[in-house]
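Listed below, chain by chain, are the residues.
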Amino acid sequence: MLQTFFNLEIVGAAWRIILAGLGNTVLLSLVVVPLGLLGGLALATLASVRNPWVRWPLMAWVDFFRAFPPLVLLIFLFAGLPFAGVELGGFACVCIAFFLNTGAYYGEILRAGVESVPTGQSEAARSTGLGRLQTMLFVVLPQAVRNVLPDLLSNTLEVVKLTSLGSVVAMPELLFQARQAQSLTYNPTPIVLAAAIYFLMLWPLVRLLSRLENRALAGRG
Amino acid sequence: MAAKPIAGSIVQARGIHKHFGALHVLKGVDLLLAERELVFVIGPSGSGKSTLLRCLNRLEEPSSGSVMVDGVDMLDARTDINHARQRIGMVFQSFNLYPHMTALGNVTLALRKVAGKTRNEADTLGHAALARVGLADRAGHTPGQLSGGQQQRVAIARAIALEPRVMLFDEPTSSLDPELVGSVLGVMRDLRESGMAMIVVSHEMGFARNAADRVVFMDEGAIVEEGTPAEIFERPVQERTRAFIGQIQRH
């Protein structure tokens, strides 16, 4: 059993490949998380505009990309668009898919955060001459982010896990590399190794999240 | 067509109407405020007095009418509203201090981002404004560490730091515990003595008697009666004014 699932010889042979995959997963996360946050920020800022011509398309956009499975979106971009003559690389496809999908999620979280800030805050800011964007940036968003920090962190956790979708479009991230190593060695040990790395990487975040959530509950009580 | 400014008057609101959907909240209100004048606005809740105040700096968009403040047409689309608002300080019932900043941070934000001061200049002006409201030693405290009265005084400092030409007070003491009201009224009295033009929506009748030049009684979106404090409080002419004054004096 140990020989099959945790073969030290295989670990010795595969660890370089897998470590390279870990590096790429970290890099990919460092690209797609800010990208998603940026998209979310734009959506949340636009959502504070009361104009129905902004509001309705925005809601449709967010709903669509929250209901659309990110794996399907990614495969469509990667394998569907070439039929229309649009060939994007795997990396570009992952970036676009995450921008659209996680941007919609971050957008909803941040919108809830913005709405949790009393209107008196922006009225006070506007009364001193701050513009709409300045008010958002300096007064509303800092409070909004603090109010929804557990949700933002939880979504970030999901995003890091979802970077494994990149393996589908041949991004050499952790899962993809582990599968490469698996097929080279005819042994599942690399997959176990990848799983262990995911766990070790994300577990501290999970702990932190639990603490934040407990504190938020205590604060409400 | 914009109304011509009257010499010596800092605020001129004319024919202000405000609709919220089917609700007609202001029904053609005229309000003039002279330089150095303190006008008190009283009236039952829902009479439109807060809405009137908020129309003056366009936190609320009047449905029609004209508003001139310090010679600037507030409703003209060409007016830089953010620039104009620096000249109109506003103090709110619920303080509305930024909870994620210190007292000094609250006072200096607009100085830096709107008035274009450097951090050092803004800090100097901010400390001076806090000193004026008696809170020089609280600059580093966050709103959560201050009493309600102190918070409201920081809010006043935030407004006066921008050197406004007129100050609007929207029920500044209504959410304060009785023992904290005095400190806020004290700061308002100092401001008044320094010559600041002020419009105060409040039920602090004692303060109105001592400090107001004029009292305006509003009901159902219109001005019913106005006069000196003595006229309104001792010898109101209108039946509705008399009923209202009687009601609040019983409390």
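Here, every reference points to the structure presented above.
The sections below set out a description of the structure shown in this document. (Residues numbered from 1 in each chain as written. Chains lettered and ligands numbered in written order. Predicted model: local features only at pLDDT ≥ 70, side-chain atom pairs only at ≥ 80, totals over all residues. Heavy atoms only, no water.)

### Some thoughts on the pattern of salt bridges
Residue and element names in this part refer to chain B. If you walk through the whole model with that rule in mind, you get 19 salt bridges over all chains. Among the ionic pairs, E61 bridges to R58, the shortest N-O distance being 2.9 Å. Accessibility expressed as a relative area gives 41% for E61, which makes it partly exposed. One salt bridge connects E234 with R209, and the closest N-O pair in it is separated by 2.8 Å. With E234 in helix α8 (residues 229-234) and R209 in helix α7 (residues 205-211), this pair connects stretches of sequence that are 25 residues apart. Overall, E234 belongs to the partly exposed group, its relative accessible area being 49%. By relative accessible area, which is 36% here, R209 ends up partly exposed. One network of salt bridges, in which partners are shared, links E35, D70, R87 and R165. (Salt bridge = Lys/Arg side-chain N within 4 Å of Asp/Glu carboxyl O. Buried < 20%, exposed > 50% of the residue type's maximum accessible area, 1.4 Å probe, protein only. Helix = DSSP H or I, 4+ residues; strand = E, 2+ residues; numbered from the N terminus.)

### Some points on the sheet that holds strand β5 (residues 72-73) of chain B
Residue and element names in this part refer to chain B. Spatially, 4 strands are ordered β2-β1-β4-β5 in an open sheet, and the strand pairing comes out antiparallel. In this open sheet, the two strands that pair with only one neighbour each are β2 (23-34) and β5. Pairing of strand β1 (residues 9-20) with strand β4 (residues 64-69) involves 5 bridges; the strand directions are antiparallel. For A13, the partnering residue across the bridge sits in β4 and is V67. Relative to β2, helix α1 (residues 49-56) is tilted by about 60 degrees, and along the sheet it contacts β1, β2 and β4. (Pairing = 2+ DSSP bridges. Contact = heavy atoms within 4.5 Å. Axes fitted to C-alpha atoms, helices over the stretch in contact; angles between N-to-C directions.)

### Some thoughts on helix α7 (residues 132-147) of chain A
Considering bend angle alone, the principal kink of α7 of chain A is centred on V140 of chain A and spans about 50 degrees; proline P142 of chain A follows within four residues of it. Listed as buried for α7 of chain A are T135, M136, V139, V140, L141, Q143 and A144 of chain A. On its buried side, α7 of chain A packs onto α2 (8-47), α5 (90-116) and α6 (119-127) of chain A together with α3 (103-113) of chain B. (Bend = angle between axes of the 7 residues up to and from the residue.)

### Details of the sheet that holds strand β6 (residues 88-91) of chain B
Residue and element names in this part refer to chain B. Spatially, 6 strands are ordered β6-β7-β8-β3-β9-β10 in an open sheet, and the strand pairing comes out mixed. Each edge of the open sheet is held by one strand with a lone partner, namely β6 and β10 (222-227). Across the sheet, the axes of successive neighbouring strands diverge by a mean angle of 20 degrees, strand direction being ignored. Sitting on the sheet, helix α6 (residues 178-193) is in contact with β3 (38-42), β7 (166-170) and β8 (197-201), with an inclination near 150 degrees to β8. Here helix α9 (residues 239-250) sits on the sheet in contact with β3, β9 (214-219) and β10, set at roughly 100 degrees to β9.

### Focus: the layout of surface pockets
As a volume, the largest pocket reaches approximately 1000 Å³. Lining the largest pocket are 30 residues; nearest its centre among them are S48, R50, S122, R126 and R132 of chain A. Mapped by element, the contributors of at least two residues to the lining of the largest pocket are α2, α5, α6 and α7 of chain A together with α2 (81-85) of chain B. Sort the elements by how many residues they give to the lining of the largest pocket and α7 of chain A lands first, with 5 residues. Considering only residue class, the lining of the largest pocket consists of 12 nonpolar, 5 polar and 13 charged. (1 Å grid on protein atoms, 1.4 Å probe; cavity = no way out; pocket = protein on both sides within 12 Å on 5 of 7 lines; lining within 4 Å. Points joined across faces, edges and corners; volume = space filled by probe spheres on them. Nonpolar A, V, L, I, M, F, W, Y, C, P; charged D, E, K, R; others polar.)

None of this, on its own, says anything about what the molecule does.
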